[in-house]
Amino acid sequence: MRVLRPMPLVAGALSCAVGLIVIVGWFTSIPILTSFLSDAVSMKFNAALCFVFIGAALLLSSLPVPRRAAPGVSLAFCAVAIAISVITLFEYAFDWSPGIDLLIVSEPPGAQYTASPGRMPPQAAFNFILLSLSLVLMNHPRRRWWLTSQIMAYIVSVLGLITLEDYVFGVEGLHGLGVYTHIALPGAVIFLLLPVGILACHPPRGLTLPFSGSSAGGRMALYLLPAIVVVITVLNVVIHAGMDAGFFTESLGHAMLVVSSILILTLVISIASLRLSTADERRRRAENEVLSLMTRKVNELEQLDQMKTNMISVVSHELRTPLAIIKGYSTMLLKYNKTLGDEEKVDCLEKIDQATDRQARLVDHLIDLSRLEAGLLHLDRIMTSVAGLIGDAVTEARLIYKDHTINYAPTDGVLELNIDPRRIRQVIDNLINNAVKYSPTGTTIDVRVSVDGRAVLVSISDQGVGIPQDALERVFDRSFRAKERLSSHVDGLGLGLNLCRGLVNAHGGRIWVESVIGKGSTFYFTLPIEGVDRHEKRS
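What you see is a predicted model; the values in this text were computed from it and never measured.

Peer 1: Tell me what's going on with the packing of aromatic side chains, and back it up with residues and numbers.
Peer 2: One pass over the structure, following the stated rule, counts eight aromatic pairs. A ring pair is formed by Phe 27 and Phe 45, whose centres lie 5.7 Å apart and whose planes are at 85°; its orientation type is edge-to-face. Here Phe 45 lies in helix H3 (residues 45–61) and Phe 27 lies in helix H1 (residues 7–28), a separation of 18 residues in the sequence. You can call Phe 45 buried: its relative accessible area is 5%. Measuring from centroid to centroid gives 5.2 Å for Trp 512 and Tyr 524, while their planes differ by 15°, and the two rings are stacked.

Peer 1: Which residues make up the pattern of salt bridges, and what values do they have?
Peer 2: One pass over the full model with this rule turns up 13 salt bridges. Residue Asp 347 is joined to Lys 351 by a salt bridge in which the shortest nitrogen-to-oxygen separation is 3.1 Å. One end of the pair, Asp 347, and the other, Lys 351, are both in helix H10 (residues 342–374), four residues apart, so they sit about a helical turn from each other. With a relative accessible area of 28%, Lys 351 lands in the partly exposed category. The closest approach of N and O atoms between Asp 446 and Arg 448, which form a salt bridge, is 3.9 Å.

Peer 1: Could you give an account of the environment of Leu 235, with specific residues and numbers?
Peer 2: Mapped onto the elements, Leu 235 comes out in helix H8 (residues 216–244). Taking the relative accessible area as the measure of exposure, Leu 235 reaches 14% and is therefore buried. Once the C-alpha coordinates of Leu 235 and Ile 264 are considered, the two residues, 29 residues apart in sequence, prove to be 9.5 Å apart. In this structure, Leu 235 is in contact with Leu 257, Ser 260, Ser 261 and Ile 264, ignoring residues within four places of it in sequence.

Peer 1: So what's going on with unusual backbone geometry? Which residues, and what values?
Peer 2: Although it is not a glycine, Ser 29 sits at a positive phi angle of roughly 60°. Under the relative-accessibility criterion, Ser 29 is labelled exposed at 60%. Even without a glycine there, the phi angle at Asp 95 is positive, about 50°. Position of Asp 95 among the secondary structure elements: in the loop between helix H4 (70–94) and helix H5 (122–137). Its relative accessible area of 73% is what places Asp 95 among the exposed residues.

Peer 1: Go over the nonpolar core with me, naming the residues and quoting the values.
Peer 2: Ranked by internal contacts, the top residues of the largest apolar core, which has 45 residues, are Ile 390, Leu 431, Ile 432, Val 447, Val 456 and Phe 525. Setting aside residues no more than four positions away along its own chain, Val 447 makes contact with Ile 390, Val 394, Ile 406, Asn 407, Tyr 408, Ala 409, Ile 432, Ser 459 and Ile 460. Formed by 40 residues, the second largest nonpolar core is a distinct cluster that contains Cys 78, Ala 124, Ala 184 and Ile 190.

Peer 1: Run through a nonpolar patch on the surface, naming residues and quoting values.
Peer 2: Together, Val 86, Phe 90, Phe 94 and Trp 96 line one region of the surface with nonpolar side chains, adding up to about 410 Å² of accessible area. With respect to the helices and strands, Val 86 occurs in helix H4.

Peer 1: Summarise the pairing of strand S2 (residues 405–409); cite the residues concerned and give the values.
Peer 2: Residues of S2 alternate between two faces, with Ile 406 and Tyr 408 buried on one and Thr 405, Asn 407 and Ala 409 left unburied on the opposite face. Pairing geometry for S2 and strand S4 (residues 444–452), over five bridges, is parallel. Bridge pairing in S4 links Asn 407 to Asp 446.

Peer 1: Describe the pairing of strand S5 (residues 455–461), with residues and values.
Peer 2: The element S5 is largely enclosed, with a buried count of seven among its seven residues. Here S5 shows no split at all, with Ala 455, Leu 457, Ser 459 and Ser 461 on one side and Val 456, Val 458 and Ile 460 on the other all buried. Two elements, S4 and S5, share seven bridges in a ladder whose sense is antiparallel. Considered in S5, the bridge of Val 451 is made with Val 456. Taken together, S4 and the strand that follows it, S5, pair antiparallel across an intervening segment of two residues, in which Gly 453 is found at a positive phi of about 70°. In terms of strand pairing, S5 meets strand S7 (residues 520–528) through seven bridges, oriented antiparallel. Bridge pairing in S7 links Val 458 to Phe 525.

Peer 1: I'd like a rundown of the packing of H1 against H3, residues and numbers included.
Peer 2: Running from amino to carboxyl end, H1 crosses H3 at an angle of 150°, the nearest separation of the two axes being 7 Å. Our classification of the angle between H1 and H3 gives roughly antiparallel. Crossing hand, H1 versus H3: left-handed. Of the residues assigned to the contact of H1 with H3, the class counts are 18 nonpolar, four polar and no charged.

Conventions and cut-offs
Residues numbered from 1 in each chain as written. Predicted model: local features only at pLDDT ≥ 70, side-chain atom pairs only at ≥ 80, totals over all residues. Heavy atoms only, no water. Phe/Tyr/Trp six-rings, centres within 6.5 Å; stacked < 30°, edge-to-face > 60°. Helix = DSSP H or I, 4+ residues; strand = E, 2+ residues; numbered from the N terminus. Buried < 20%, exposed > 50% of the residue type's maximum accessible area, 1.4 Å probe, protein only. Salt bridge = Lys/Arg side-chain N within 4 Å of Asp/Glu carboxyl O. Contact = heavy atoms within 4.5 Å. Core = buried A, V, L, I, M, F, W, Y, C linked by side-chain atoms within 4.5 Å. Patch = residues over 30% accessible without salt bridge, like charges linked within 9 Å, V, L, I, M, F, W, Y side chains within 5 Å. Areas by Shrake-Rupley, 256 points an atom, 1.4 Å probe, with all protein chains shown as cover. Pairing = 2+ DSSP bridges. Axes fitted to C-alpha atoms, helices over the stretch in contact; angles between N-to-C directions. Parallel < 35°, antiparallel > 145°, perpendicular 65-115°, else oblique. Left-handed = near helix turned anticlockwise from the far one by under 90°. Nonpolar A, V, L, I, M, F, W, Y, C, P; charged D, E, K, R; others polar.

And the structure:
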């Protein structure tokens, strides 16, 4: 009940304030402070004390983090209010006067609307007893008692509303019962606010559940109830004033009251329904958006799960293949050591060495990718000659990939960049290896390096199968391979290009590919020229 959340503090503070003002009025003999209106009944001193005690008890009960002594003090305040009120009812019932009415202050006989000097009205004493018991039972764990607390608060709110309406229409109802003392106007207002504050302290359960702002019905109740009470009251006052002034007859006035009430209630209900419909439409849209988002997330999770499954399957296969080679050739060496010739033994050792290198590269790729994704990859930057780094990579590639022609066109000069040479060499090796994998035997691979504005541009071209246009943006994704490239039955996890993108991005550069199906692909990457030392090649 967010709208009613401040009501306990407001009602408790106003009750204490009104009570204290009246007490000051009695001590200073200022009549306007005890009645708030001239020629009106004054609030009695004992009633003002009860308002202060009950208001303070409500404030203590509504503290966000109640202190240890707060419940005990609140209970003591309620007990005092109950004692004063019970004695007052006994005074009326048995015509008994123990002297508590004039114990602290005195009131001369014959005060307006006062049956006995200093004695509060019986209906006020009854309200104080109900309010005090309602506060005491408010936080009781058993349902019967906290529900009784709510019922008591509702009874006082109805009696307070009737008393206030009596004042509004100038009739003598509950604010003045026969010869008994009348309830003062400030007391009637506080008797309406205090039960609302007590009910607002309750969690949304029992009789307060319909006014819980967390539901559509609760919002509608909170919107309709104040509007109906205020509008109908004002309408009654206006029509009765018109009848008293002689503008229309009593029968016409009652007819106008009925018709006006129907029209106003229809308007209020229509507005409330429109607001509920708008809120319901917003809720449906939000639910659809949430459902759509959840559907997308579920699809993404399913895709990720499928990718994970595929990755595990491929990793298992790729790890098993070199292990099988190592196991096979090592077993052959152990079993046939005496019968194998030296060349055959060397061949076995070379196969074991190649399989070991392959498995090491695979493990390194997986480790580097995990570090990149976690942001834990460290770059050991030093000033490095890019042309020389690429030349070393090409020279080594020519020795490994003898079935391809690898051309290298360096720039006219030495470019030195502040880079991690091991990581950039890893990028170059991966791109050359990728070009070799996806191009037929005997074809040419061109490696170039140049300066493009404020960056060094490196390109590696092959004469392979090419990559379709719709796959160019995804070729650097993990485990992605174009269908055309799958047809070549190339081993590997498809992690190389994904790792290249991460390493180049870590250096502040970018990487992309251009390709034509059937003619080949060219991979480009740039490295920013920050703190570059470019000079002519030494003789």
